[in-house]
Amino acid sequence: MAASRPNQLFRNKSAKIAAIPMIATALVVFLGGTIWTVAHSFTSSKLLPKWDLVGLTQYERLWGTRRWLISIENLMIYGVCMLVFCFVIGFVLAALMDQKIRFENTFRAIILYPYALSFIVTGLVWQWILNPEFGLQHVIRSLGGNRPPAECEGVGLSLSCWLSGIEFDPLYNPRIAIYGILIAALWQGTGLIMVLMLAGLRGIDQEIWRASRVDGIPAWKTYLFVVIPMMRPVFVTTLVLIGAAIVKVYDLIVAQTGGGPGNATEMPAKYVYDYMFGGQNLGQGFAASTMMLLAVLIVVIPWAFMEFGRKNRG
Amino acid sequence: MTIRSILMAGGAVCAAGYASAAELEVMHWWTSGGEAAAVAELADALNERTEHTWVDGAIAGTGQTARPIMISRITGGDPMAAFQFNHGRQAEELIEAGLLRDMTDVAEAQGWKDIVNPPLLLDACTVDGRIYCAPISIHSWQWLWLSHKAYEDAGIPVPTNWAEFVNAAPALEAAGKVPLAMGQQGWQQNGAFQVMMISLLPKEVYLQVYRDKDAEKARGPEVGRIFQALAQAREMSRDSRVQDWNQATNMVITGEAGGQIMGDWAQGEFQLAGLVAGEDYTCLPGLGGNPTLQAGGDAFYFPALDDPEMTAAQGELAALLLDPQTQVAFNLKKGSLPVRGDIDLSAANECMQKGLEILASGEAVPDVAQLISADSLTRIEDVFVQFFADETITAEEAQEQFAALIEDAD
Amino acid sequence: MVDLTSSVAAGQGARELQGPRGPKPRKVVTRANVLIYGTLIVVSLYYLLPMWVMVMTSLKGMPEIRVGNIFAPPMEITFEPWVKAWSGACTGLNCDGLSRGFWNSVRITLPSVAVSIAIASVNGYALANWRFKGADAFFTILIFGAFIPYQVMLYPMVIMLREVGLYGSLTGLVIVHTVFGMPILTLLFRNYFTSLPEELFKAARVDGAGFWRIYFRIMLPMSLPIFVVAMILQVTGIWNDFLFGVIYTKPDLYPMTVQLNNIVNSVQGVKEYNVNMAATLLTGLVPLFIYFISGKLFVRGIAAGAVKG
């Protein structure tokens, strides 16, 4: 591009002026705010931020806290599932949407609408639906006539017994509670991913499709080997969007399970928030968020090198 | 003409004579039916009896939602005129930073020292001899709510104390009921533990553990008994899978559960469901054991403002909050107890009367929030959340974790 | 947006605004169609189930909710919860429901969405097509910023706004929304502009067009889908925002979500589920409306032949 021209400084003036808000935000808010946060994680700040250094005390306590360790474990499980399902569901739905279908507008709105609703009630509704006593489990069991276990003993293969005995109580079973959250999170978030992918698909040159059709390449191959590589930039956006949402997941947890049963759905962001504003120990909250940011940094920096290194060579 | 005289007193303290009309923004988290009705009493009193206007800044949720908002407003240099805070150690730092107004002048002019009962409520507002908040209501945790229907269905008499309650559990279970309803949230489980501490042991133990942070006491056999009782509670509440406290209360109301340990705010739920104390449900203060109440509750703090007119108006509002008429009106609506011992509350129902009697007899201890920091409290809550969720954790293990946190507490 | 646009993209304009590519689908039941529509219908059921529960609950009276099946339609339909949520529910002292904050929400959302999208799209364009020295570093910081839990930034932001004297004002809130929306939006636009064929940009440069001219004449008209996505993101995020609205403003500017929170999130007392559901649906109407009408803008960005013209 213009990079190697001698009058580059002058030529890029408009671009630089246009980028001033971005530069200010990056430096003052994000960099400044992060430094401020990290610095205060070494203090004993409680209700108010206070410059009262205590060294690594907050970190020692953090890593000695069981709840924090469990939160990280939960986030890993949730994060991997969310990432995979969001991508797959989002892309498949977008590809279906792009098949010259009728009522595209309606289908798109149906899949996207959950994104418009507040987390508080979303959590509540899913809490109801997943409630074993009057939610889905109840409905399925009713289909089987709701036969008591005693009646079914030794009956062998029976549809009504199978239905009556079905167990679906993700929010009440600590081992699978995290998947109960996942069901609601996917419901809420996949719509946005779908429209983003759809926008990406619509940004692809029509020539490609025409050419592949002329060459007789099946549609799925075109998607896999031509379209998906071309959509890489959109995928990166999606990845960041989902990743940020995963790291910051808080409201949904509070609304749906409050972190329970027990610690089964505790998340790092909730730990941060609970200690910052509930426990009024800002220092502890900052230490926890510093650890979260550090983890993000470990992912973002190599990505930046790959992304920009590649560009500069090409 | 008592109203006039109070106003005169309030006005005289703050500005000489006439204070011009100000808009007082008051921030609080009282938004549910009964609470909102109670706040309306305060607002009406301010609007009708002074020139000032009440600007409502209600933010629902727990303190956890409201706290960052209040702190931001105060540190952002654009504070409201008054805000609700649970009195206790929460405000200490704001006072140290000079962000809150010293209300001692108003308190002295109004004679708060003589009228506030129990006196420890005012102590909670006092830092270095200066008074920084106006207490408005008392809430206590030490109540066991029992469903008459559940015990009738099981064919056994309603228990009169904790031991009977535990013994009645098998019969309730046989009748398909949950003996103890308990919301699965840390603050509720922690609350139940404190209630047992105060009700089943001499109150000195509670004070030694929470006030003096005596870790040896916390490891000792007496507290050990409480952890055993807590393990029983875990056993009895195994089938109670609700989250919110009011859902648990609803289990008692419908007779699905035998009882619930919950603060006096549960009273409002029974009332709204049309149940009558003594007929449909029983309330046992101190679990039918020690008649001792933790006197926690709500108070208003007042940020330091530059405008002298606003400052004068703050003084009038503070005076109004402790005025006998407002106290009665507010607390009856909210279901809490008034902070003055000298007013007639004959309109209160059976349970509130019991609470008033205990307060009058002077059997009150400070709320935990006044004794240990919110940080330590949050960590202790985390222990109970785990304890209740995981039946493999023994009472001894939980006690050890608890004692370690008490050792570390501030 | 007249001459260059028409030369580059007019050909597709009239046709493409109708919707997806190609001729209207023929009414044939093919195996592919069964598969496509079958999947979409099944998926739609999953997405619609909670909506069904919400709408049904919002039309029931409280006694029916207490006893009833959450999936069952109301035995007796009542619109009272909706009326109450809009104009009667008490949110603290004020018993005028959501209506109180509606115009405030509009006043906050319009400038915040417009400013944040305008700035971010220019950022994205500058980053994609006019890369200057150091741009990558700022951009990386920005991406990093997307991952910062915003609760952590509350107090530093209060301090910054206080120092520039904008704390408590609408302008301050618009800045906050712009700042926190910037990482994702900038990334969105940058990556979209990067994926556009470079020939378009190069051709315009050869014709002597400058930074702004290319942005307005070429980039804008070709990126409607991504603007729709950005709008969806921002309208939803800002309209549903509660924390920033309440922290950086005063009661006379509180958005509707403060009332929603107060209706839905009251800790004590009986929960009126029907009013909660109605309030949520009412609050969601504005973003929903945007989603539906934005469908018209969701056209194919690049048509074949646009490049070679």
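Values in this document were obtained by computation on a predicted structure and should not be read as measured data.

Asks: Is there a simple way to explain the overall build of chain C in this structure?
Replies: The helix and strand inventory of chain C stands at 14 helices and zero strands. Counting from the amino terminus, chain C carries its helices and strands in the arrangement α-α-α-α-α-α-α-α-α-α-α-α-α-α. Looking at chain C as a whole, 53% of its 309 residues are labelled buried. Considering only contacts in chain C between residues 6 or more positions apart, those separated by 24 or more positions represent 76%.

Asks: What is the right way to look at the overall build of chain A in this model?
Replies: Assigned secondary structure in chain A consists of 17 helices and zero strands. For chain A, whose C-alpha radius of gyration is 25 Å, the value lies well above the compact-globule estimate of 20 Å for 314 residues. Structurally, chain A occupies a C-alpha span of about 85 × 70 × 30 Å along its principal axes. Looking at chain A as a whole, 45% of its 314 residues qualify as buried.

Asks: Honestly, the interface of chain B and chain C in this entry has me stumped. Any pointers?
Replies: You'll often see interface size given as the accessible area lost when the parts meet. Across the boundary between the two partners, chain B contributes 30 residues, which contact 23 residues of chain C. Tallying contributions element by element places helix α2 (residues 33-49) of chain B first for the side of chain B that touches chain C, with seven residues. Among the residues forming the side of chain B that touches chain C, the class breakdown is 12 nonpolar, 13 polar and five charged.

Asks: What should I look at first to understand the confidence of the model for chain C in this one?
Replies: For any part of a model where pLDDT is low, the fine detail of the predicted coordinates should not be relied upon. All names here are of chain C. Across chain C, the average pLDDT comes to 83, with 86% of residues at or above 70. When mean pLDDT is taken per element in chain C, helix α5 (residues 99-129) scores highest with 93 and helix α1 (residues 3-16) scores lowest with 38. In this model, residues 1-19 is a region of pLDDT below 50 whose contacts with residues beyond four sequence positions or in other chains number 26 contacts. Note that residues 303-309 has pLDDT below 50 and, in this model, 18 contacts with residues that lie over four places away or in other chains. Here the complex is predicted with pTM 0.87, and the ipTM for its interfaces comes to 0.84.

Asks: Could you clarify how one ought to interpret the interface of chain A and chain C in this entry?
Replies: Counting from both sides, the interface comprises 85 residues of chain A and, opposite them, 83 residues of chain C. The dominant element in the side of chain A that touches chain C, judged by the number of residues it contributes, is helix α3 (residues 20-40) of chain A, at 12 residues. Classifying every residue of the side of chain A that touches chain C by side-chain character gives 59 nonpolar, 15 polar and 11 charged.

Asks: Could you clarify how one ought to interpret the environment of A60(B) in this entry?
Replies: Residue and element names in this part refer to chain B. In this fold, A60 is placed in the loop between β2 (53-58) and α3 (63-75). Exposure remark for A60: the 26 C-beta atoms within 10 Å place this residue in the buried category. Considering only alpha carbons, one finds A60 and S32, 28 residues apart in sequence, at a separation of 8.2 Å.

Asks: How should the pairing of strand β11 (residues 293-301) of chain B be read in this particular structure?
Replies: The two faces of the sheet receive side chains in turn, since in a regular strand these alternate between them. Residues and elements named next belong to chain B. Judged by how many residues are buried, β11 sits mostly within the fold: nine of nine residues are covered. Alternating positions in β11 separate into two faces, L293, A295, G297, A299 and Y301 on one and Q294, G296, D298 and F300 on the other, with burial throughout. Two elements, strand β3 (residues 82-86) and β11, share four bridges in a ladder whose sense is antiparallel. Its bridge partner being in β11, F85 is matched across the sheet by A299. Where strand β6 (residues 133-139) lies against β11, six bridges are found, and the strand directions are antiparallel.

Asks: I'm lost on the environment of F103(A) in this one. Help?
Replies: Inspection of the secondary structure assignment puts F103(A) in the loop between α5 (66-97) and α6 (104-112). C-alpha separation for the pair F103(A) and D169(A), spaced 66 residues apart in sequence, amounts to 35 Å.

Asks: Explain the pairing of strand β1 (residues 23-28) of chain B here, please?
Replies: All names here are of chain B. Within β1, five of the six residues are buried, which leaves the element mostly enclosed by the surrounding structure. Taken together, the six bridges between β1 and β2 define a ladder with parallel strand orientation. Looking at β2, one finds that E25 is bridged to V55. For the crossover from β1 across α2 to β2, the handedness is right-handed. Across two bridges, β1 lies against β3 in parallel orientation. The partner of V26 across the bridge, within β3, is A82.

Asks: Explanation requested: helix α16 (residues 308-321) of chain B in the structure shown.
Replies: Each full turn of the α-helix corresponds to 3.6 residues, which orients residues three or four apart in the same direction. All names here are of chain B. The terminal C-alpha atoms of α16, which comprises 14 residues, lie 20 Å apart, in line with the 20 Å expected from a rise of 1.5 Å per residue. Most of α16 sits inside the fold, with 11 of its 14 residues counted as buried. Where α16 is concerned, the buried positions are M310, A312, A313, Q314, G315, E316, L317, A318, A319, L320 and L321.

Asks: How should I be thinking about unusual backbone geometry in this particular structure?
Replies: Note: most residues except glycine have negative phi, and most peptide bonds are trans. Residues and elements named next belong to chain B. The omega torsion across N117 and P118 is -5°, close enough to zero to call that bond cis. Inspection of the secondary structure puts P118 in the loop between α6 (112-115) and α7 (120-125). Even without being a glycine, K213 presents a positive backbone phi close to 50°. With respect to the secondary-structure elements, K213 resides in the loop between α11 (203-211) and α12 (215-219). For L287, which is not glycine, the phi torsion reads 50° and is therefore positive.

Asks: Can you walk me through the sheet that holds strand β7 (residues 143-147) of chain B in this structure?
Replies: The strands that make up a sheet pair up through hydrogen bonds in the backbone, lying either parallel or antiparallel. Residue and element names in this part refer to chain B. Strand order across the open sheet formed by four strands is β8-β9-β7-β10, with mixed pairing between neighbours. Since the sheet does not close on itself, it has two edges, and those belong to β8 (178-181) and β10 (281-285), each with one partner. Strand after strand, the sheet turns through a mean of 20° between neighbouring axes, direction not considered. Pairing of β7 with strand β9 (residues 257-261), which is carried by three bridges, proceeds in the antiparallel orientation. Considered in β9, the bridge of W145 is made with Q260.

Asks: Whenever I open this one, the nonpolar core confuses me. Can you help?
Replies: Soluble globular proteins tend to pack their nonpolar side chains together in the buried interior. Ranked by size, the top nonpolar core spans 310 residues in total, and within it A82(B), F300(B), Y301(B) and V229(C) carry the most contacts. With 15 residues, helix α11 (residues 177-202) of chain A is the single largest residue contributor to this core. Look past the residues within four positions of Y301(B) in its chain and what remains in contact with it is A82(B), F83(B), F85(B), A91(B), L100(B), Y132(B) and C133(B).

Asks: Before we go on, may I ask you to explain the domain arrangement of chain C in this structure?
Replies: All names here are of chain C. Parsing chain C into structural domains produces domain 1 (26-78) and domain 2 (99-306). The interface is formed by six residues belonging to domain 1 together with seven residues belonging to domain 2. If you tally residues by element for the side of domain 1 that touches domain 2, the top one is helix α2 (residues 31-58), at three residues. Broken down by class, the residue content of the side of domain 1 that touches domain 2 amounts to three nonpolar, two polar and one charged.

Asks: Would you explain the packing of helix α11 (residues 224-239) of chain C against helix α14 (residues 273-294) of chain C in this entry?
Replies: For any two helices packed against each other, the geometry is given by the interaxial angle and the distance between the axes. Residues and elements named next belong to chain C. Relative to each other, α11 and α14 sit at 170°, their axes nearing to 9 Å. The orientation of α11 with respect to α14, classified from their angle, is roughly antiparallel. Of the residues in α14, those in contact with V228, M231, I232, V235, T236 and W239 of α11 are V286, P287, I290, Y291 and S294. Tallied by class, residues from the contact of α11 with α14 come to nine nonpolar, two polar and no charged.

Asks: Would you explain the packing of helix α13 (residues 221-236) of chain B against helix α21 (residues 395-408) of chain B in this entry?
Replies: Residues and elements named next belong to chain B. It is the contact of α13 with α21, at a shortest axis distance of 9 Å, that shows an interaxial angle of 125°. Here α13 is positioned oblique relative to α21, judged by the angle of their axes. Viewed along their axes, α13 and α21 form a crossing whose handedness is right-handed. On the side of α13, the interface is formed by V223, G224, F227, Q228, L230 and A231, while α21 contributes A395, A398 and Q399. In terms of residue class, the contact of α13 with α21 is made up of six nonpolar, three polar and no charged.

Asks: I would appreciate a short explanation of α3(B) in the present structure.
Replies: Residues and elements named next belong to chain B. The first and last C-alpha atoms of α3 sit 17 Å apart over 13 residues, in line with the 18 Å expected at 1.5 Å per residue. Burial analysis of α3 places 10 of its 13 residues in the buried class, which makes it a mostly covered element. A positive backbone phi angle near 80° is found at G77, which sits one or two residues after α3.

Asks: When you look at the environment of L136(A) in this model, what are you seeing that I'm missing?
Replies: Residue and element names in this part refer to chain A. Its place among the elements puts L136 in helix α8 (residues 136-143). On a C-alpha basis, the gap between L136 and F168 in space is 7.5 Å, while along the polypeptide they are 32 residues apart. With residues near it in sequence (within four places) discarded, L136 still touches I129, L130 and F168.

Calculation notes
Residues numbered from 1 in each chain as written. Chains lettered and ligands numbered in written order. Predicted model: local features only at pLDDT ≥ 70, side-chain atom pairs only at ≥ 80, totals over all residues. Helix = DSSP H or I, 4+ residues; strand = E, 2+ residues; numbered from the N terminus. Buried ≥ 20, exposed ≤ 12 C-beta atoms within 10 Å, placed from the backbone. Contact = placed C-beta atoms within 7 Å. Rg over C-alpha atoms; globule rule 2.2 N^0.38 Å. Nonpolar A, V, L, I, M, F, W, Y, C, P; charged D, E, K, R; others polar. pLDDT = per-residue confidence, 0-100. Pairing = 2+ DSSP bridges. Right-handed = clockwise from strand over helix to strand, strands pointing away. Expected span 1.5 Å × (residues − 1). Axes fitted to C-alpha atoms, helices over the stretch in contact; angles between N-to-C directions. Core = buried A, V, L, I, M, F, W, Y, C linked by C-beta atoms within 7 Å. Domains from an automatic or database assignment. Parallel < 35°, antiparallel > 145°, perpendicular 65-115°, else oblique. Left-handed = near helix turned anticlockwise from the far one by under 90°.

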